[in-house]
Amino acid sequence: MRDAQDLPWVQPLYHRHNALSYYGTPTPFYGLTPTDCRGHSSIMGGKSKDDLASKVSAALAETYPGVTVEVGRIERWDRPCITVRWAGFADLLPEERFQRVVKALPDKLRKAALSGYIWLELAPGESIDAFLKHPRSEDIAGKEREIHNHLKKLGFYEALASTMGGSPKTSCGGDFGQSIATLRDRKATAAKQRDARLLFIRHGAFCDCQVLETILPELEKPIGR
Ligand SMILES: [Zn+2]
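For clarity, every value in this text was computed on a predicted model and none was experimentally measured.

Engineer: Would you mind showing me how to read the pairing of strand β3 (residues 118–122) here?
Structural biologist: Regular strands show a simple pattern: their side chains alternate between the two faces of the sheet. Among the 5 residues that make up β3, 5 are buried, leaving the element largely enclosed by the rest of the structure. Side chains I118, L120 and L122 project from β3 onto one buried face, and the interleaved W119 and E121 project onto a second face that is buried too. For strand β2 (residues 79–85) and β3, the ladder comprises 5 bridges, and the chain directions are parallel. Among the inter-strand pairings, T83 is bridged to a residue of β3, identified as L120.

This is how it looks when you write it as structure tokens:
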């Protein structure tokens, strides 16, 4: 499988794009009247809108069965937006969701579909307000050392390395599945599990092998402050 670390467009994921994902959305846009994408097509013609939606949907369908894609104008930010809904997003943090979507798009479509659109990756039935309340990796800025030390204290890294064996890339499922299982085994609370994921994401890791191979060496470096 392709790993995020091998892909130059992933780091930093959001700012290298013109995509106005939740992350790229300028702060002043928050807190405006919520609405949904549906039915706002004043700028985009129906045909090109439907065409983009079906292209993105086709690109994602194989990896994410049951995914639905809507393209429309969103009044909340007065911008065109692409709303992707998939049941599997329910267990993922927003940055993980966006990374999955971007990773699954072919290069050409990625360029066309990321530029100038707000991207929303929602679980079925999830509102935009609920989505915006999820934590982001920037929320743990300043707590990184503390989270890392907690993980070390739990013996997390050794346990994960032992679970994944000598070839983490091969045993990696492309997500944080084994990290989460390791944290649960060690009785880490849901909040601590979430903080660990945010720490990994903040350092550009989106799967278990990257936690061991990319992030751990980086986190072990002294932080100057
Ligand atoms: Zn991996």
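Text resumes after the structure shown.
Engineer: In this structure, what is going on with the packing of helix α6 (residues 156–164) against helix α10 (residues 208–219)? I would like to understand it.
Structural biologist: Running from amino to carboxyl end, α6 crosses α10 at an angle of 125 degrees, the nearest separation of the two axes being 10 Å. Between α6 and α10, the interaxial angle falls into the category oblique. Two packed elements cross with a definite hand, and for α6 against α10 that hand is left-handed. Between α6 and α10, the residues in contact are Y157, L160, A161 and M164 and D208, C209, V211, L212 and L216, respectively.

Engineer: What should I look at first to understand the environment of E121 in this one?
Structural biologist: Relative to the helices and strands, E121 is located in strand β3. Among the residues examined, E121 registers 25 C-beta atoms within 10 Å and is labelled buried. With 52 residues separating them along the chain, E121 and V69 place their C-alpha atoms 9.4 Å apart. Other than its neighbours up to four places away in sequence, E121 contacts V84, F89, P94, R97, F98 and V101.

Engineer: Looking at this structure, how should I read the packing of helix α5 (residues 144–154) against helix α9 (residues 190–202)?
Structural biologist: The relative placement of two packed helices comes down to the angle between their axes together with the axis-to-axis distance. Their axes nearest at 10 Å, the elements α5 and α9 cross at an angle of 120 degrees. When you trace α5 past α9, the crossing you get is left-handed. On α9, the residues that touch E144, I147, H148, H150 and L151 of α5 are K192, D195, A196, L199 and R202. Of the residues belonging to the contact of α5 with α9, the class tally is 4 nonpolar, 2 polar and 4 charged.

About the cut-offs
- Residues numbered from 1 in each chain as written.
- Predicted model: local features only at pLDDT ≥ 70, side-chain atom pairs only at ≥ 80, totals over all residues.
- Buried ≥ 20, exposed ≤ 12 C-beta atoms within 10 Å, placed from the backbone.
- Helix = DSSP H or I, 4+ residues; strand = E, 2+ residues; numbered from the N terminus.
- Pairing = 2+ DSSP bridges.
- Axes fitted to C-alpha atoms, helices over the stretch in contact; angles between N-to-C directions.
- Parallel < 35°, antiparallel > 145°, perpendicular 65-115°, else oblique.
- Left-handed = near helix turned anticlockwise from the far one by under 90°.
- Contact = placed C-beta atoms within 7 Å.
- Nonpolar A, V, L, I, M, F, W, Y, C, P; charged D, E, K, R; others polar.

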